[in-house]
Amino acid sequence: MKLWNPGGFLKKKGLPAYMTENLTEELIRLENLVKIYDTGAIKVLGLKKINLTIRRGEFVAIMGQSGSGKSTLMNILGCLDRPTMGHYYLDGMDTASLTPNQLSEVRNRKIGFVFQSFNLIPRTSALRNVELPMTYAHQLSKKERRDRAMMLLERVGLGERYLHMPNELSGGQRQRVAIARALSNEPPLILADEPTGNLDTASSVEIMELFSKLHEEGATVVLVTHEEDIAAFTQRIIRFRDGQIISDERNGGKSTCS
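A brief report on the enclosed structure follows. None of the values given here were measured: they were computed from a predicted structure.

1. Re the pattern of salt bridges
Side chains that carry opposite charge are capable of pairing whenever their charged atoms lie near each other.
Then, in step 1: A complete count under the given rule lists 14 salt bridges for this structure.
Then, in step 2: The partner of arginine 148 in a salt bridge is glutamate 186, with the nearest N and O atoms 3.7 Å apart. Within this pair, whereas arginine 148 is found in helix α5 (residues 142-155), its partner glutamate 186 is found in the loop between α6 (171-182) and β7 (189-193), the two being separated by 38 residues in sequence.
Then, in step 3: Residue classification places arginine 148 among the buried positions, given a relative accessible area of 2%.
Then, in step 4: By relative accessible area, glutamate 186 is classed as buried at 4%.
Then, in step 5: One network of salt bridges, in which partners are shared, links Glu58, Arg236, Asp248 and Arg250.

This is the structure:
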């Protein structure tokens, strides 16, 4: 069984129309997207008229120095923040038209998040951490959730550690649990924010090989990184500076993280 198998487990019927209509090969489309932060005393321009398209199945790295706008972009892509102006279309939906409750549902069903700090729930088993997004989606029975969580943990090499708590796992193992959790609702988009930032070199290679496998199976993966060796795993590198895209290049997609 594939690690990423959209539609192969979850029941798709019963989803609201805004979640399923107007699907296109363009999974992400940004049109003249602007983000302004109003601090009261001054206004800071975080993103400046960004136009960007990411197609289904792409493996993309977003790079840039601190303050370049890459984290602001990721927050908007993850529906954690809204643009000040412009449009963000995700899976055919104009997210600007969605209510806060609808955005929450989009995050749960359409986006799998992987964070630098793992964001696992302490004192909760690896199995339960992976099950939680499925619980919120209300689509599977308890047995189905457990079966899928076990399958995902086995696919990331942690089948024997499903009852372990996060503090009983290494950093690389915790990130594997986080990846399994991100895949639990079969989302079309995987967003990874510095996923190797807290890992040693060997663990970083293992995690990036997992992402590469997901990409080979057809997943769309967008990750933020400041490390050239990590970005070298991807097929496309988009670089930001001062809230703007300064380059967008195809990449070979191989690295040894030496």
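2. Side note on helix α7 (residues 201-216)
Then, in step 1: The terminal C-alpha atoms of α7 lie 22 Å apart, and with 16 residues this matches the ideal 22 Å at 1.5 Å per residue to within 8%.
Then, in step 2: Within α7, the full set of buried residues consists of Ser203, Ser204, Val205, Ile207, Met208, Leu210, Phe211, Ser212 and Leu214.
Then, in step 3: Among the structural elements, β3 (59-63), β6 (111-115), α6, β7, β8 (220-224) and α8 (228-231) are those in contact with the buried residues of α7.
Then, in step 4: For α7, the side-chain oxygen to backbone nitrogen distance between the N-cap and alanine 202 is 3.4 Å, and the N-cap itself is aspartate 200.
Then, in step 5: Just downstream of α7 lies glycine 218, where phi reads positive at about 110°.

3. Description of the packing of α6 against α7
Then, in step 1: Their axes nearest at 9 Å, the elements α6 and α7 cross at an angle of 20°. Here α6 is positioned roughly parallel relative to α7, judged by the angle of their axes. Judged by the twist between their axes, the crossing of α6 over α7 is right-handed. Judged by residue contacts, Gly172, Gln175, Arg176 and Ile179 of α6 engage Ser203, Glu206, Ile207, Leu210, Phe211 and Leu214 from α7.
Then, in step 2: In terms of residue class, the contact of α6 with α7 is made up of 5 nonpolar, 3 polar and 2 charged.

Cut-offs used in this document
- Position numbers for residues count from 1 along each chain, tracking the sequence in the order it is written.
- Two thresholds apply to this predicted model, a pLDDT of at least 70 for residue-level local features and 80 or more for giving and counting side-chain atom pairs, whereas whole-chain, interface and lining totals are computed over all residues.
- To get the side-chain values, take all heavy atoms of the structure and skip hydrogens and water.
- By salt bridge we mean one thing: a side-chain nitrogen of Lys or Arg within 4 Å of a carboxyl oxygen of Asp or Glu.
- Under the DSSP-based scheme used, a helix requires at least four consecutive residues in state H or I and a strand at least two consecutive residues in state E, with every element numbered from the N terminus.
- Each residue is placed in one exposure class: buried if its accessible area under a 1.4 Å probe, protein chains only, is under 20% of its type's maximum, exposed if it is over 50%, and partly exposed if it falls in between.
- Expected span of a helix: the number of residues minus one, times 1.5 Å.
- Only heavy atoms enter the contact rule, under which two residues are in contact if any of them lie within 4.5 Å.
- We call two N or O atoms a polar contact when they sit within 3.5 Å, provided that within protein one can donate a hydrogen and the other can accept it, with sequence-adjacent residues counted only if both atoms are side-chain atoms.
- Here, axes are lines fitted to C-alpha atoms. For helices the fit covers the stretch in contact, and angles between N-to-C directions go from 0 to 180 degrees.
- Angle categories: roughly parallel below 35 degrees, roughly antiparallel above 145, roughly perpendicular from 65 to 115, and oblique for all the rest.
- If you view the pair so one helix is near and one far, a crossing is left-handed when the near helix is turned anticlockwise from the far one by less than a right angle, and right-handed when it is turned clockwise.
- Under the grouping applied here, Gly and all other residues not named as nonpolar or charged are polar, the nonpolar ones being Ala, Val, Leu, Ile, Met, Phe, Trp, Tyr, Cys and Pro and the charged ones Asp, Glu, Lys and Arg.

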